[in-house]
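# Survey of secondary and tertiary structure
Here's the letter readout for the chains.
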2 protein chains.
Amino acid sequence: MHAEALDALKAHFLAQVSVAPSILESHSRDESYPETHLPDVVVFAESEADVLKVLEVARTFQMPVVPFAVGSSIEGQVLPVQGGISLDLSRMNRVLQIQQHDFCAVVQPGVIYPELSRQSRPHGLFFAVDPGADASLGGMASTNASGTGAVKYGTMRDQVLDMRVALLSGEVIHVGSKARKTSAGYDLKHLFIGAEGTLGVITELTVKLHPLPVAVAVAKVTFDSVQDAVNCAVTVMGAGLNPERIELVDARAVQAVNQYKGTTHPETPTLWIELSGSGEALLRENLDILRECCMESCATRFILAREEPERRELWESRHHAFYALKRLNPGHETHTTDLCVPISQLPDVVSHTQELCLQHGLDAVLLGHVGDGNYHVLFHGDAADEATWTSIHQVSDLMVQKALEVGGTCTGEHGIGLRKRKYLEQEHGDLIPYMRAIKQVFDPHNLLNPGKIF
Amino acid sequence: MHAEALDALKAHFLAQVSVAPSILESHSRDESYPETHLPDVVVFAESEADVLKVLEVARTFQMPVVPFAVGSSIEGQVLPVQGGISLDLSRMNRVLQIQQHDFCAVVQPGVIYPELSRQSRPHGLFFAVDPGADASLGGMASTNASGTGAVKYGTMRDQVLDMRVALLSGEVIHVGSKARKTSAGYDLKHLFIGAEGTLGVITELTVKLHPLPVAVAVAKVTFDSVQDAVNCAVTVMGAGLNPERIELVDARAVQAVNQYKGTTHPETPTLWIELSGSGEALLRENLDILRECCMESCATRFILAREEPERRELWESRHHAFYALKRLNPGHETHTTDLCVPISQLPDVVSHTQELCLQHGLDAVLLGHVGDGNYHVLFHGDAADEATWTSIHQVSDLMVQKALEVGGTCTGEHGIGLRKRKYLEQEHGDLIPYMRAIKQVFDPHNLLNPGKIF
Ligand SMILES: Cc1cc2nc3c(=O)[nH]c(=O)nc-3n(C[C@H](O)[C@H](O)[C@H](O)COP(=O)(O)OP(=O)(O)OC[C@H]3O[C@@H](n4cnc5c(N)ncnc54)[C@H](O)[C@@H]3O)c2cc1C
Ligand SMILES: Cc1cc2nc3c(=O)[nH]c(=O)nc-3n(C[C@H](O)[C@H](O)[C@H](O)COP(=O)(O)OP(=O)(O)OC[C@H]3O[C@@H](n4cnc5c(N)ncnc54)[C@H](O)[C@@H]3O)c2cc1C
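The residue numbering used here restarts from 1 in each chain and proceeds along that chain's sequence as written. For this description, chains carry letters from A and ligands carry numbers from 1, given in the order in which they are written. At least 70 in pLDDT is required for a residue's local features to be given in this predicted model, at least 80 for side-chain atom pairs to be given and counted, and no such filter applies to totals for whole chains, interfaces and linings, which use all residues. Each side-chain value is derived from all of the structure's non-hydrogen atoms; neither hydrogens nor water enter the calculation.

Going by an unreviewed UniProt entry, chain A carries the name D-lactate dehydrogenase (cytochrome) and comes from Deinococcus roseus. Among the UniProt annotations of chain A, the heading Cofactor (unreviewed entry) holds the following wording: "FAD". UniProt positions are given in the numbering used here, feature names are shortened, and annotations may be inferred rather than shown by experiment.

Below, the structure written as structure tokens:
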């Protein structure tokens, strides 16, 4: 790194700059990507002005800048593959306003979503996107994250009303509108959502909040096969019940959760379906319809959880599945796929996946935001076991190929990062020249998170 | 126009080309913009190949091309201000597939939305965006249209899953995914949605369909003032009732509708609220909550319409308000504003508008997709009455200024076209250089619908 650049940063930022090995190390990795790359320096921004100063130094010394929030992304997004500055935004963690009557909040980018939901609750509101990790709003916008709530409320793309974005040029632009909808010119907001920090640094977001559901119940519905479960999900979605969540876990995932949490869920393919109603009677009627749908779809058991602790426990199990599986496989690396297909294709695509795993003798676990057609397969293997990893990568490739054949995408919610660049070529090869041209518009010297996406 | 270009088009397209004065004239105007501009020629495309051929001729002879579907836009979007080719897409009007289990349809761009809903109905589905005119899916995507259904289902932006787009370069690109969600690289789909035909020609769309609501009722709720009505809308939205529609009409609008349709609605500010439930009991419970909300908000009457003909009539009245008002003002020009603000600001902004109209002695009518914070004021005046039109433009300017001050947008759904270019400068002056740069990427010679947006 340019010594002058480091001096400039230190002179300006004092204790907000670090080159301590442990800090560099914690900014060199994410939660799943196998490689690590050290940044030259980490700067902890505390304001938009700080962000602009970092961008100025980057511009002056032509140094790469990699925005870093929680670092929970899993495709290599935060790795500083060319060194440079890791721009840590976690201290920009204030909820600036909760606008109860407009169902929205204005936040700094480093606010983590559980904190936003906590602060919204006294207003009768909550934030609806809930990835499994305690991710930040800025990071989540940058990967277009979703989670269990997406089936009803949509993804980050659907929640962000407007944003302030600091550009490498030193400008701060304002994209979107605090109004619910707008048709004012080209939509630049959606360019920055999902851009993985390659086009600008988000310094403020206005995001939607939603009324807390009044009456809620969770049904745990078991099936003999993953296919039956998926078919049931299609039926439920068609009944207009508009579930809060509808999640698929396969037998292996339930087993892992049971071992991790000490629970005793039946170890068989299961749908966890959360329904709500604006009143008790309403909820009951919805539940009756749900039960019918499930019974028609060969459910083997239909168990209701009505009380808050029981429901919370259920969802915590789901949220912890990733770590539960890690715990089951100590010392192993994890590899997660993130396909999303039209829901009608899901039974077929899931069968295909299961066959592939069987053929290759892989230990694979299936989890799915199944109402969206989004499912994850988690593979585990000893990092040193080359044969297993070759199989895992082969199977992943074939799974992506199949998903693309049926009109799906190589990533429903995790993004491209480093790992999926080759899949993006397959899915959107025609668009990559245009993506590059747009990158050129906002970041002509390729300093913002270089090497990611394409 | 270049004689060779015309020859090339005639040789290729035969009867699909027209220079008949009546055809040129019908492609020279929209439903509201005061000016007209004749194209040199109209080509009726029947396929994507036809579109590509037109773009090739445009490229070869450097001629402007203006996509034209139904021509129901109202900000001057379809006017060929530099002459050239009006590319009529209305014959590309086939619904290609209805994918019942995926809740989506694949359509050509010239399909009008009532036709798509008609064909979806036997599958228990409908298309949820319903502007007042019988607009096309391609045109609606290009202005990011919405309508009464947006409060529950969102705008065109929320309905389009993927599109095929023909570019001036001769390429056809595929943006978006048939999967419900994707995080695969920069989102180019949202650039083409709302681009008003300036970046490419949409040749195919996959759009979401939604399950037909099972049990439906419409409440007609009257108030003493527009403010009370707006406050009520805020309360209803906060109760989590998730209405299908919630529309505001002021006393003048009701009067116009009564005169046009021979109805006898009380001529006072009114909310029309449609609720649904996945069963009868559910709906009844929802209606009870709704009635409570309305009574708490100073409603003067609460009248229910349960039967289909009565409900249809109500919504037809609303849909026909634009023409009802035209009929009330024969020979007059109409000017429509299209502001959208955070809903909490609506009472204040509406008061401000009413005062302005009073001050300027303007005859103004207020209609609103009030659940979204989107409202229209319709002004009428004799085209020759300069003083009135000066006032109308002054009031429009002040209304936009106020809306922007409170975080709103100059257009909730109609787009920029020619008329709102100056407002776009005010709202997104910081973004216009980037919009121009993106235009440059897709249309370096500025041939696609030149002069629009900026
Ligand atoms: C256990 C586990 C479960 C998960 N479950 C889900 C899930 O259900 N759904 C899901 O979508 N994801 C899931 N993820 C992935 C991850 O949580 C998401 O990708 C999340 O959006 C990352 O947020 P972050 O704050 O950690 O961002 P980071 O990882 O710090 O950064 C992510 C990307 O955003 C960029 N970035 C961060 N902040 C900004 C900013 N302010 N401006 C511009 N760019 C910025 C970074 O440069 C990077 O490219 C899971 C991950 C784990 C480990
Ligand atoms: C009575 C009335 C009521 C209305 N109510 C509403 C309402 O409630 N909500 C609302 O949003 N709007 C409303 N509008 C406006 C209008 O209906 C919308 O703007 C609609 O989206 C226009 O669709 P169209 O098919 O008529 O498109 P056109 O007017 O033909 O074209 C609109 C724009 O899209 C471009 N375009 C058309 N097709 C394509 C294509 N295939 N590819 C690329 N570009 C294309 C054109 O170049 C033009 O810029 C109303 C209009 C009227 C007259």
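Attention now moves to the sheet that holds strand β2 (residues 41-44) of chain A. Residues and elements named next belong to chain A. A strand pair is defined by DSSP finding two or more bridges across the two strands. The helix count covers DSSP runs of H or I at least four residues long, the strand count covers runs of E at least two residues long, and both are numbered beginning at the N terminus. Strands sit in the order β1-β2-β4-β3 across an open sheet of four strands; the sheet is mixed. The open sheet has two free edges, formed respectively by β1 (17-18) and β3 (65-68), since each of these has just one partner strand. Working rule for contacts: check all heavy atoms of both residues, and any pair within 4.5 Å makes them a contact. Between the N-to-C directions of two axes lies an angle of 0 to 180 degrees, each axis being a line fitted to C-alpha atoms and, for a helix, fitted only over the stretch in contact. Those strands touched by helix α1 (residues 3-13) are β1, β2 and β4 (85-88), and its axis lies near 25° from that of β2.

Attention now goes to the nonpolar core. The biggest cluster of nonpolar side chains holds 190 residues, and the ones touching the most others in it are L191, F192 and L271 of chain A together with L188, L191, F192 and L271 of chain B. Beyond its immediate stretch of four places on either side in the chain, F192 of chain B contacts A141, S142, M163, V165, L167, I173, V175, L199, G200 and F442 of chain B. We call a set of buried Ala, Val, Leu, Ile, Met, Phe, Trp, Tyr and Cys residues a nonpolar core when their side-chain atoms join them within 4.5 Å. Categorising residues by exposure relies on relative accessible area from a 1.4 Å probe, with only protein chains included: less than 20% of the type maximum marks a residue as buried, more than 50% marks it as exposed, and the intermediate range marks it as partly exposed.

Residue and element names in this part refer to chain B. The immediate surroundings of ligand 2 are formed by 36 residues, with P67, G71, S72, S73 and S136 found nearest. Contacts to ligand 2 include P67, whose backbone N or O atom sits 2.6 Å from an oxygen atom. Within the complex, 97% of the 970 Å² of free accessible area of ligand 2 lies under protein. Where the shell around ligand 2 is concerned, the elements lending two or more residues are β3 (65-68), α5 (137-143), β10 (201-208) and α13 (321-328). Counting residues per element, the shell around ligand 2 draws most heavily on α5, at five residues. Each residue gets one label: Ala, Val, Leu, Ile, Met, Phe, Trp, Tyr, Cys and Pro are nonpolar, Asp, Glu, Lys and Arg are charged, and the others, such as Gly, are polar. The class makeup of the residues in the shell around ligand 2 is 16 nonpolar, 17 polar and three charged. Note on terminology: near, applied to a residue and a molecule or strand, indicates that one of the residue's heavy atoms is within 4 Å of it. Polar contact is the term for a pair of N or O atoms within 3.5 Å; when the atoms are in protein, one must be able to donate a hydrogen and the other to accept it, and sequence-neighboring residues count only if both atoms are side-chain atoms. Computed by Shrake-Rupley with a 1.4 Å probe, the accessible areas treat only the displayed protein chains as cover when residues are assessed.

Here the focus is the packing of aromatic side chains. Two numbers describe a pair of aromatic rings. These are the distance of the centres and the angle of the planes. All names here are of chain B. Only centres within 6.5 Å qualify two rings of Phe, Tyr or Trp (six-membered ring in Trp) as a pair; their planes then separate them into stacked at under 30 degrees, edge-to-face at over 60, and tilted for everything else. For the structure shown, the criterion picks out twelve aromatic pairs over all chains. Between the aromatic rings of W272 and W315, the centroid separation amounts to 6.2 Å while the plane-to-plane angle is 90°, which identifies the pairing as edge-to-face. Of the two residues, W272 sits in strand β14 (residues 270-277) while W315 sits in helix α12 (residues 308-319), which places them 43 residues apart along the sequence. Side by side, W272 and W315 carry an identical accessibility label, which is buried. Arranged with centres 5.1 Å apart and planes meeting at 85°, the rings of F322 and Y323 form a pair that is edge-to-face.

All names here are of chain A. Taken together, 36 residues form the shell around ligand 1, and within it P67, G71, S72, S73 and S136 come nearest. Between ligand 1 and G71, the relevant distance is 2.8 Å, taken from an oxygen atom to a main-chain nitrogen or oxygen of the residue. In the environment of ligand 1, an oxygen atom lies 2.9 Å from a nitrogen or oxygen atom belonging to the backbone of S146. Here ligand 1 loses 97% of its free accessible area of 980 Å² to cover by the protein chains. Elements with a contribution of two residues or more to the shell around ligand 1: β3, α5 (137-143), β10 (201-208) and α13 (321-328).

All names here are of chain A. Following the sequence through the fold, A8 ends up in helix α1. Judged by relative accessible area, which is 27%, A8 ranks as partly exposed. Each C-alpha atom, one on A8 and one on I289, is 65 Å from the other, the two residues being 281 residues apart in sequence. Look past the residues within four positions of A8 in its chain and what remains in contact with it is V57 and F61.

Another aspect to go through is the environment of H380 of chain A. All names here are of chain A. By secondary structure assignment, the location of H380 is in strand β19 (residues 374-382). H380 sits in the buried class, given a relative accessible area of 7%. Separated by 264 residues in sequence, H380 and L116 have C-alpha atoms that sit 33 Å apart. With residues near it in sequence (within four places) discarded, H380 still touches L325, K326, N329, H332, E333, T334, D363, T388 and I392. A distance of 3.5 Å separates polar atoms of two side chains, one belonging to H380 and the other to N329.

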